[in-house]
Amino acid sequence: MSDSKPAGSKQQAAVQIAGWLLAALLAIVAVYFHVVLLQSAGPLWRDEINTLVIAQLPWNELWPTLDYDSFPLAGPLLVRGWSALGLAESHTALRAFGLLVGVGILATLWLHGCVVGSGPPLVSTALFGLSVVTIRYGDSIRSYGVGLLFILLTYVALVAVLKQRTPLRTACAAVAAVLSVQCLFQNALPLLAMGLAGAGVAVSRKERTTAVTILAIGAVAALSLLPYLGPLRRSSEWSTLMTQEVTLVDVKNHLLYTLSAPNESVDTVWGVVALLAVAATAISLLRSLQTHRPTQSRGQTRRADKAQRKQRRAASGSVAGGDATLDKVAQMPSYLLAFATLTVLLAWGLTVGLLVSGGFDPKPWYFLSVLGLTALWIDTALAALFAGGAISLGVRSVVAAGVGLIATSGATPHLRQQHTNAPAVAALVSEQTTADDLVVVLPWHFGVSWEHYYAGEAAWTTAPPIADSKIHRYDLLREQIEAGASLEEVFGRMERTLKAGNSVWIVGFIWPSNRRPPPALLAERDDTWDVNRQLFRWAIDVTRFVERHAQRSAQPLEHPPGFTPSPYEFLDLWRIEGWQDEPPQTAS
C-alpha cells in the first residue's frame, strides 16, 4: 500500500521548508556582516570613546558625569561589566560586545516570529537585519544597539501578554521596558506607543485587566526615569547647543538618507514593501471586522479564543498534513496585527514630533527603534494576509529574497570602512613632532579622540580651547561661546611657535579661502547658539590666519587611491612652518 501524501500537502511542505531555509540563510548572511564589521571597524571613534570613558570612571564620579551626557546609565554600566570581565583590552574585544548585541537583535526577530505566530522572520531580517544602518549603529559601543534590543524585546513581551497574561510574561515585559528606557531616553516614545496601542486592543477585547497591566508596565518604566530629572535639568543649560530648526522635510530627507545605505535602491524597497504591508493590513483588518460578532460576551470571546487554540494544537499534531506551522500562521489573531499597526503609527508620530519640536538633528540612530518596530509590523501584516499558509509563506519568501539581494548589494564595502583614522594621525604626529611644536585640533569635539590616542611630546589645544577633552563637554563649549569664543589665545600660541622656528600641526579640517562658504553660513539669522555655524566660522578663522602668516604648509597624510573618508570621523592633517607678518593693505 502506498503512503504517499497528496500533491497539495507536498507542495505546502516544500514551501514551508524553503521558507525556513531562506530565513536561516538570511540570518547567516546577517551574522557574517556583523563579523565583517567586527574585523574592519577598527578603533573607537569619539562617541564610542565617550561611552568607554564614562563606563570606566570611579563610582563616585559616574553619576555626576551624566550632567554632560545624553544617555541614562544602563549602556555605560553594560560596557563597564564587559570591561570588568577583562574584555576591554583592545578595540576588537570591545567590538565583540557590539557583535553580541547585534546577534541578539537578530535573535529577537526570530523570537517575535515564534511568539506572534508569523513564522520565520523573512522580511524583517531582509529589511532590517541585513541593513547596514542597523549593523553599523547597532553594533557601535554606544547605547543605540542595546536600546534597540530591549525595545524590541519589550514589544515581543507585550505581544505575549496580550495573548495570555501571566505573572512571568508580565514581569518579563516590565524588565524589558525598564531596561529599554534606561538605555535610551527616546525609547520612552515607542514604549508609550506600545502602551497606548496595547491598552486599546485589550479594551476592545474586553480584557480590562490586561489593559491596566500594560499601562502599569509603562508607568513602571516611566518611574524608573525619575532619578534623571536632576541631570536632565542641568544638561538643559547646554543642550540648546545641540538643537536646531528641524522641519518635516528635514526629517523626510534624513530618513531617506538613512534608508539609502548601502545603495540608493534600498529606500525604494522599504517604500514598496511598506505599501504592501499597508494593503495587507487593510485587507486583513477589514476581513476581521466582517467576521466579527459584536454581540459576543466576554465569556463567549474567551471560549472562542480557547477553541481556536485547541484547533491550532490539533493542527500542529497532524504530521501527515505537513503544514502545521502554515495553519498556525493563517489563524494568527487579528488583534495582534491591530496592536502592531497602532504601535507603528503612534511610534512614528511621536518620534517625528520629538525631532521637529525638540530641534534634534535627525541622525540615523534616532530612527533605529521605529524602523525595527516597522519591520516587525511588516512581517505580521504579510503573514496575516492570506487565508492559505503556504501562499503567505511563499509570498513572503519571494519578497524577502528580492529585498535581501538588493540590501546586500554594496554592503560589504560600507561595513569595511574604519570608524576613525584618529589613531593613525596621532601616531604620525607623535613620531614627527618635537616638544616645542604645537598641535591645534579643529573642530573642538575631535579633541575627545585626540585625548584618547595622542601620546606625543608636543603640546596641543582645541580651537577654541576646551579645558577637558576626555568626554564631550558642551557645557565648557557654551562657556566659550558666552565669553565670545575668541581664538586669540590659540592664535597667540601659533604665532609664538612659528616665530621660534617650530611647526604648528592642524588636525581635523580647515576651510581654504578659495572654497565656497558652507550653506550653514549663507542663511541670515541669529546664530549665537548655532554650533554648526560656529564650527565653520572657527575653521575659516584658523584658515585665514594660516594663509596670512604661514610661509609653508604641507599635508603629510597620504591617502591611497580610491580612499573614502569615514562617515563617522575623519581627521586630516596640515603641517605649518615659518612666520610672516601680514602684508600691509594698499589703498585703492
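Data block above holds the structure.
Residues numbered from 1 in each chain as written. Predicted model: local features only at pLDDT ≥ 70, side-chain atom pairs only at ≥ 80, totals over all residues. Heavy atoms only, no water.

Visitor: In this structure, what is going on with empty space enclosed by the protein? I would like to understand it.
Guide: Unfilled space is identified by rolling a water-sized probe across the atoms. Enumeration according to the criterion identifies five cavities of 30 Å³ or more in this entry. Taken as a whole, the largest cavity encloses approximately 100 Å³ of empty space. Lining the largest cavity are 13 residues; nearest its centre among them are Gln186, Thr351, Trp365, Tyr366 and Ser369. For the lining of the largest cavity, the secondary-structure elements that each account for two or more residues are α10 (188-204), α17 (334-358) and α18 (368-385). Partitioning the lining of the largest cavity into residue classes produces nine nonpolar, four polar and no charged. As a volume, the second largest cavity reaches approximately 70 Å³. Leu127, Phe128, Ser131, Val133, Thr134, Thr258, Leu259, Ala261, Val266, Trp270, Leu368 and Leu371 are the residues that line the second largest cavity. (1 Å grid on protein atoms, 1.4 Å probe; cavity = no way out; pocket = protein on both sides within 12 Å on 5 of 7 lines; lining within 4 Å. Points joined across faces, edges and corners; volume = space filled by probe spheres on them. Helix = DSSP H or I, 4+ residues; strand = E, 2+ residues; numbered from the N terminus. Nonpolar A, V, L, I, M, F, W, Y, C, P; charged D, E, K, R; others polar.)

Visitor: I would appreciate a short explanation of the pattern of salt bridges in the present structure.
Guide: Should the charged atoms of two oppositely charged side chains come close, the side chains can pair. The final tally for this structure, using the stated rule, is eleven salt bridges. A salt bridge links Asp361 to Lys363; the shortest N-O distance between them is 3.2 Å. For Lys363, a relative accessible area of 34% puts it in the partly exposed group. The structure contains a network of salt bridges with shared partners spanning Asp468, Arg473 and Asp475. (Salt bridge = Lys/Arg side-chain N within 4 Å of Asp/Glu carboxyl O. Buried < 20%, exposed > 50% of the residue type's maximum accessible area, 1.4 Å probe, protein only.)

Visitor: Quick question: what am I supposed to make of the packing of helix α9 (residues 167-183) against helix α11 (residues 208-223) here?
Guide: In a packed pair of helices, the relevant descriptors are the angle between the two axes and the axis-to-axis distance. Running from N to C, α9 and α11 cross one another at 35 degrees; their axes reach a closest spacing of 8 Å. Judged by the twist between their axes, the crossing of α9 over α11 is right-handed. Contact with α9, carried on its side by Thr170, Ala173, Ala174, Ala177, Val178 and Val181, involves Thr213, Ile217, Val220 and Ala221 of α11 and no other residues of that element. Among the residues forming the contact of α9 with α11, the class breakdown is eight nonpolar, two polar and no charged. (Axes fitted to C-alpha atoms, helices over the stretch in contact; angles between N-to-C directions. Left-handed = near helix turned anticlockwise from the far one by under 90°. Contact = heavy atoms within 4.5 Å.)

Visitor: Explain the packing of helix α5 (residues 91-116) against helix α8 (residues 144-163) to me, please; I cannot follow it from the model alone.
Guide: The geometry of α5 relative to α8 is characterised by a closest axis approach of 9 Å and an angle of 15 degrees between their N-to-C directions. It follows from the interaxial angle that α5 and α8 lie roughly parallel. Read as a crossing pair, α5 and α8 show a hand that is left-handed. Contacts between α5 and α8 involve Phe97, Val101, Gly104, Ile105, Thr108, Leu111, His112, Val115 and Val116 from the former and Gly145, Val146, Leu148, Leu149, Leu152, Leu153, Tyr155, Val156, Val159, Ala160 and Lys163 from the latter. (Parallel < 35°, antiparallel > 145°, perpendicular 65-115°, else oblique.)

Visitor: I tried to follow the sheet that holds strand β2 (residues 459-462) on my own but got confused; where do I start?
Guide: Backbone hydrogen bonds are what pair the strands of a sheet, in a parallel or an antiparallel way. Overall, mixed pairing links the five strands, which are arranged β2-β1-β3-β5-β4 in an open sheet. Strands with a single pairing partner mark the edges of an open sheet, and in this sheet they are β2 and β4 (550-554). On average, each strand axis in the sheet is inclined to that of its neighbour by 25 degrees, with strand direction left out of account. Strand contacts of helix α21 (residues 422-432): β1 (438-442), β3 (504-508) and β5 (572-579), with the helix running at about 25 degrees to β5, the strand carrying the most contacts. Packing against the sheet, helix α24 (residues 488-499) makes contact with β1, β2, β3 and β5, and its axis sits at approximately 60 degrees to β5. (Pairing = 2+ DSSP bridges.)

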